[in-house]
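# Structure at a glance
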Amino acid sequence: MKPDLFEAPDYYHLDDLLSEEHLLVRDAARQWVKRDVSPIIEEYAQKAAFPKQIIGGLAEIGAFGPYIPEAYGGAGLDQISYGLIMQEIERGDSGVRSTASVQSSLVMYPIFAYGTEEQRKKYLPKLATGEWMGCFGLTEPNHGSNPGGMETKYKDMGDHYLLNGAKLWISNSPFADIAVVWAKNEEGRIHGLIVERGMEGFSTPETHNKWSLRASATGELIFSDVKVPKENLLPNKSGLGAPLGCLDSARYGIAWGAIGAAMDCYDTALRYAKERMQFGKPIAAFQLQQKKLAEMITEITKAQLLAYRLGQLKNIGKATTAQISMAKRNNVEMAIKVAREARQILGGMGITGEYSIMRHMMNLESVITYEGTHDIHLLITGADITGHQAFK
């Protein structure tokens, strides 16, 4: 892959709205991606492997639980800082950002928000350093957009719970030390359980032959009469709202992350268009290429403003599920369109591993589907504005 020459577009001077801490956090993540991710990511995507050696670096830049209080090992940052970190990591690769999103929003967040003080002290510090990695078990083979139909169940056996079922499309599962698993009790109520690697009957087979998120480890979670200690139940929230609360945090991070992928594609296409000569002048001088580039920077700028305002609302506890849903849907759709237009500007070179665009494009095909599909997010907005649910 070519050297990382990335220069971040900031057409409306959003940096002027960021605090000194925001800029320090963002720049540290940006420099880390240039130094530790960009030189290796194409190789790992080509061989479909997760670069485990970057886990320590992710922890050092605060990517694991950035908004978790320092008392539990987190960085104690605000939601805009969290978003900026996700933006910079996904600028490098969506799969790497997925690893950080899962660890922060889908593992550390539920333990912090729904767990006991003992659970917080046991798990969060080691998750924050990357000593332990986690995954999140909600999606099942027969239940994707309808998680409430889950079939994974547990029974109260007196001194422990007995867990049975399966989860699918689980980021980090092949190497995760713990899994936050959502399952129904005997009354049909959904609860979260912390399942640890090594528990008898618990396995995590890896998913192969992916054309997307190739530098991210994806797998299954299989539970066959797994004995889960009672102290591993997350007691402070139950029902479908518990895992959906985690998804709000993850979707918020995606809304920022997708901007990073779009920024990288735009920057690559702009630089290429200025350098590529055809008919005696740079292709950037032709109207149709300028149209593509102008539309890209416009849509990126709109997405930046959307994410920033959402971050402000998150900081004061006023961001709604529907607002987060809108930002996830809009920004990922924007990014995938930018990637496709950028690929066209590069012509045949756009499909090669010398440039990041095709890898971003393939990754975004997963991002537009996971954490709620594009269509489901449209229906979330529709239900919010009309008062009528159209899911079923």
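This is a predicted model, so every value here is computed, not measured.

For helix 6 (residues 241-275), with 35 residues, the first-to-last C-alpha span of 51 Å sits near the 51 Å given by 1.5 Å per residue. With 29 of its 35 residues buried, helix 6 lies for the most part within the structure.

Another point: the pattern of salt bridges. Enumeration according to the criterion identifies 19 salt bridges in this entry. A salt bridge links Lys47 to Glu43; the nearest nitrogen and oxygen atoms lie 3.3 Å apart. Arg91 is the salt-bridge partner of Asp264, the closest N and O atoms lying 3.0 Å from each other. Placement of the pair is Asp264 in helix 6 and Arg91 in helix 3 (residues 79-92), with a sequence separation of 173 residues. You'll find Asp264 and Arg91 in the same group, each marked buried. A single salt-bridge network, built from bridges that share partners, covers Asp4, Arg91 and Asp264.

Below, the discussion takes up the UniProt feature "domain: Acyl-CoA dehydrogenase/oxidase N-terminal" (unreviewed entry) in the protein chain. UniProt's feature table lists "domain: Acyl-CoA dehydrogenase/oxidase N-terminal" (unreviewed entry) at residues 19-131, given in the numbering used throughout. With 72% helix and 0% strand, residues 19-131 has end C-alpha atoms that lie 31 Å from one another.

This part takes up the side chain of Gln304. With respect to the helices and strands, Gln304 occurs in helix 7 (residues 287-315). Non-local contacts of Gln304, meaning those with residues more than four positions away in its chain, are made with Pro9, Leu14, Ile259 and Met263.

Ile89, Ile111 and Trp182 are the most contacted members of the largest nonpolar core, which totals 102 residues. When residues in this core are grouped by element, the largest group, 18 residues, is from helix 6. Among the nonpolar cores identified, the runner-up in size contains 18 residues, and Ile170, Val195, Phe202 and Leu233 belong to it.

A few words on the UniProt feature "domain: Acyl-CoA oxidase/dehydrogenase middle" (unreviewed entry) in the protein chain. Taken from the UniProt record, the annotation "domain: Acyl-CoA oxidase/dehydrogenase middle" (unreviewed entry) applies to residues 135-226. The annotated region residues 135-226 carries 0% helix and 48% strand content, and the separation between its end C-alpha atoms amounts to 17 Å.

Take the packing of aromatic side chains next. Both the distance between ring centres and the angle between the ring planes are used here to describe each pair of aromatic rings. Throughout the structure, instances matching the rule amount to 12 aromatic pairs. Look at Tyr272 and Tyr355: their rings are 5.9 Å apart centre to centre, the planes differ by 90 degrees, and that puts the pair in the edge-to-face class. In this pair, Tyr272 is assigned in helix 6 and Tyr355 in the loop between helix 8 (321-345) and helix 9 (357-367), connecting sequence segments 83 residues apart. For the residue pair Tyr272 and Tyr355, the accessibility class agrees, reading buried in each case. Summarising the aromatic geometry, the rings of Phe279 and Phe286 are spaced 6.2 Å apart at their centres and angled 75 degrees between planes, so their arrangement reads as edge-to-face. Residue placement shows Arg120 over the ring face of Phe112; its charged tip is 5.7 Å from the ring centre.

Applying the stated criterion to the full structure yields 0 disulfides. The thiol of Cys135 is not disulfide-bonded; the next cysteine sulfur, from Cys246, is found 13 Å away. By relative accessible area, Cys135 is classed as buried at 1%. A relative accessible area of 0% means that Cys246 is categorised as buried.

As paired elements, strand 2 (residues 153-156) and strand 3 (residues 160-171) share 4 bridges and run antiparallel to each other. What sits directly across from Lys153, in strand 3, is Asn164. Where strand 2 folds back onto strand 3 in an antiparallel hairpin, the turn is made up of 3 residues, including Gly158, whose phi is positive at roughly 100 degrees.

What follows concerns the side chain of His374. Mapped onto the fold, His374 is located in helix 10 (residues 374-386). On the basis of relative accessible area, His374 is assigned to the buried category, the value being 18%. Those residues in contact with His374, other than ones at most four positions away along the chain, are Arg329, Glu333 and Ile368.

In this section: the environment of Ala335. Topologically, Ala335 is positioned in helix 8. Sequence-wise, Ala335 and Asn172 are 163 residues apart; in three dimensions their C-alpha atoms are separated by 24 Å. In contact with Ala335, other than residues within four places in its own chain, are Ala258, Ala262 and Leu364.

Here strand 1 (residues 134-137) shows two buried faces, one formed by Gly134 and Phe136 and the other by Cys135 and Gly137. Summarising the sheet, strand 1 and strand 4 (residues 178-184) pair through 4 bridges and their orientation is parallel. What sits directly across from Phe136, in strand 4, is Val180.

Let us now look at the domain arrangement of the protein chain. One can read the domain layout of the protein chain as domain 1 (14-129), domain 2 (134-238) and domain 3 (241-386). Computed from C-alpha coordinates alone, the two centres of domain 1 and domain 2 are separated by 23 Å. When domain 1 packs against domain 2, close to 2,000 Å² is buried across both sides, 64% of that on carbon and sulfur atoms. For domain 1, the biggest contributors to the area lost against domain 2 are Tyr114, Gln119 and Tyr123; these three give 28% of the whole. The interface formed by domain 1 and domain 2 includes 1 salt bridge. Mapped by element, the contributors of at least two residues to the side of domain 1 that touches domain 2 are helix 1 (20-46), helix 4 (94-114) and helix 5 (117-129). Of the residues assigned to the side of domain 1 that touches domain 2, the class counts are 16 nonpolar, 9 polar and 5 charged.

Cut-offs applied
- Residues numbered from 1 in each chain as written.
- Predicted model: local features only at pLDDT ≥ 70, side-chain atom pairs only at ≥ 80, totals over all residues.
- Heavy atoms only, no water.
- Helix = DSSP H or I, 4+ residues; strand = E, 2+ residues; numbered from the N terminus.
- Expected span 1.5 Å × (residues − 1).
- Buried < 20%, exposed > 50% of the residue type's maximum accessible area, 1.4 Å probe, protein only.
- Salt bridge = Lys/Arg side-chain N within 4 Å of Asp/Glu carboxyl O.
- UniProt positions renumbered as here; feature names shortened; annotations may be inferred.
- Contact = heavy atoms within 4.5 Å.
- Core = buried A, V, L, I, M, F, W, Y, C linked by side-chain atoms within 4.5 Å.
- Phe/Tyr/Trp six-rings, centres within 6.5 Å; stacked < 30°, edge-to-face > 60°.
- Lys NZ or Arg CZ within 6 Å of the ring centre and 35° of its normal.
- Disulfide = S-S within 2.5 Å.
- Pairing = 2+ DSSP bridges.
- Domains from an automatic or database assignment.
- Buried area = accessible area lost by both parts, 1.4 Å probe.
- Nonpolar A, V, L, I, M, F, W, Y, C, P; charged D, E, K, R; others polar.

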